[in-house]
Amino acid sequence: MNLRVLQCYEPTIRSIEAVAASSVVYAINGEAGGWIKADPQIEGTLFLCEQEPLKIEEFVLPRACVFVLNRKGLMNVVVDLARVCKAEVLGGLITLGIENEETMSKGPDGTNGASGQQVLGLWIHGNGTTGSGSGMSGPLFDPDVVVRRWQAVQVAMVNTLGSSQLLDTMGFLDTAATMAKVKLTGLGLNPDGIATTAVGPQPNVKELMAMVLGQTSGRGLGQEGL
């Protein structure tokens, strides 16, 4: 049931690897150093999903995403782990470093510079945090599973494309994603998902970060009583 619902929003999802019953979306305010909750609030079940691999000729790249199915509104969050530059777990908080393609640059060591990085926070909370598979029961959700999946994607990009840096891989990711949509259209399927078409376009992660960081309201994590 959950898998079919997610596929209505993102048709490339082919399996659910882990589930957390409740999560809340935050963004870090780099200037103030605090966390800002999205307003309107984005809160709901978090799914770690395997997606159809990206393909261009002989290049095949495994793909995975984090999907927060919002129960507070129509705005969901989908994060392509191939576009995450850093993933960490701090207590119950999953932090995902998101590159801003417009401002990112390579540092002296050849890695992406910090100037283009924004940080998305996913706070896993509540006693109802549950486990893996497509259902809502099972062992307790381990936030580190997201980090391990991200690391696997990083290794796959290095093995397939020779780099995991977004400056190097962005062209492939964009082209392959476009080709995947064309393929779905050719099969008579809606490449954006029937639910997405019904509720309207969803903001990408960069747009979501800009929206949250630009708002004037939203309580920080310190005010959540963690």
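Residues numbered from 1 in each chain as written. Predicted model: local features only at pLDDT ≥ 70, side-chain atom pairs only at ≥ 80, totals over all residues. Heavy atoms only, no water.

Chemist: Before we go on, may I ask you to explain unusual backbone geometry in this structure?
Modeler: Residues other than glycine predominantly adopt negative phi, and peptide bonds predominantly adopt the trans conformation. Cis geometry is found at the peptide bond from Asp 39 to Pro 40, where omega equals 10°. Positionally, Pro 40 belongs in the loop between strand E2 (34–37) and strand E3 (43–56). Of note, the phi angle at Glu 57 is positive, near 55°, even though the residue is not glycine. With respect to the helices, strands and loops of the structure, Glu 57 is situated in the loop between E3 and strand E4 (59–70). Judged by relative accessible area, which is 71%, Glu 57 ranks as exposed. (Helix = DSSP H or I, 4+ residues; strand = E, 2+ residues; numbered from the N terminus. Buried < 20%, exposed > 50% of the residue type's maximum accessible area, 1.4 Å probe, protein only.)

Chemist: What am I meant to see in the pairing of strand E5 (residues 77–80) here?
Modeler: Pairing between E4 and E5: four bridges, direction antiparallel. Note on E5: the bridge partner recorded for Phe 67 is Val 78. Between E4 and the antiparallel strand that follows it, E5, lie six residues. (Pairing = 2+ DSSP bridges.)

Chemist: Explain the environment of Leu 208 here, please?
Modeler: Position of Leu 208 relative to the elements: it lies in helix H5 (residues 205–214). Note: C-alpha distance between Leu 208 and Met 75 (133 residues apart in sequence) is 9.5 Å. Each residue touching Leu 208, except ones within four places of it in the same chain, is listed here: Val 25, Ile 42, Met 75, Val 77, Leu 120 and Pro 203. (Contact = heavy atoms within 4.5 Å.)

Chemist: What should I look at first to understand H5 in this one?
Modeler: Since the α-helix packs 3.6 residues into each turn, any two residues three or four apart lie on the same face. Taken together, the buried positions of H5 are Val 205, Leu 208, Met 209 and Val 212. Take H5 and look down its axis: the buried residues cluster within an arc of 100°, on one side only. Those residues of H5 that are buried are in contact with strand E1 (13–29), E2, E5, strand E7 (93–99) and strand E8 (117–124). N-cap assignment for H5: the residue whose side-chain oxygen lies 3.1 Å from the backbone N of Lys 206 is Asn 204. (Arc of directions from axis to C-beta. Polar contact = N/O pair within 3.5 Å; in protein donor to acceptor, adjacent residues only side chain to side chain.)

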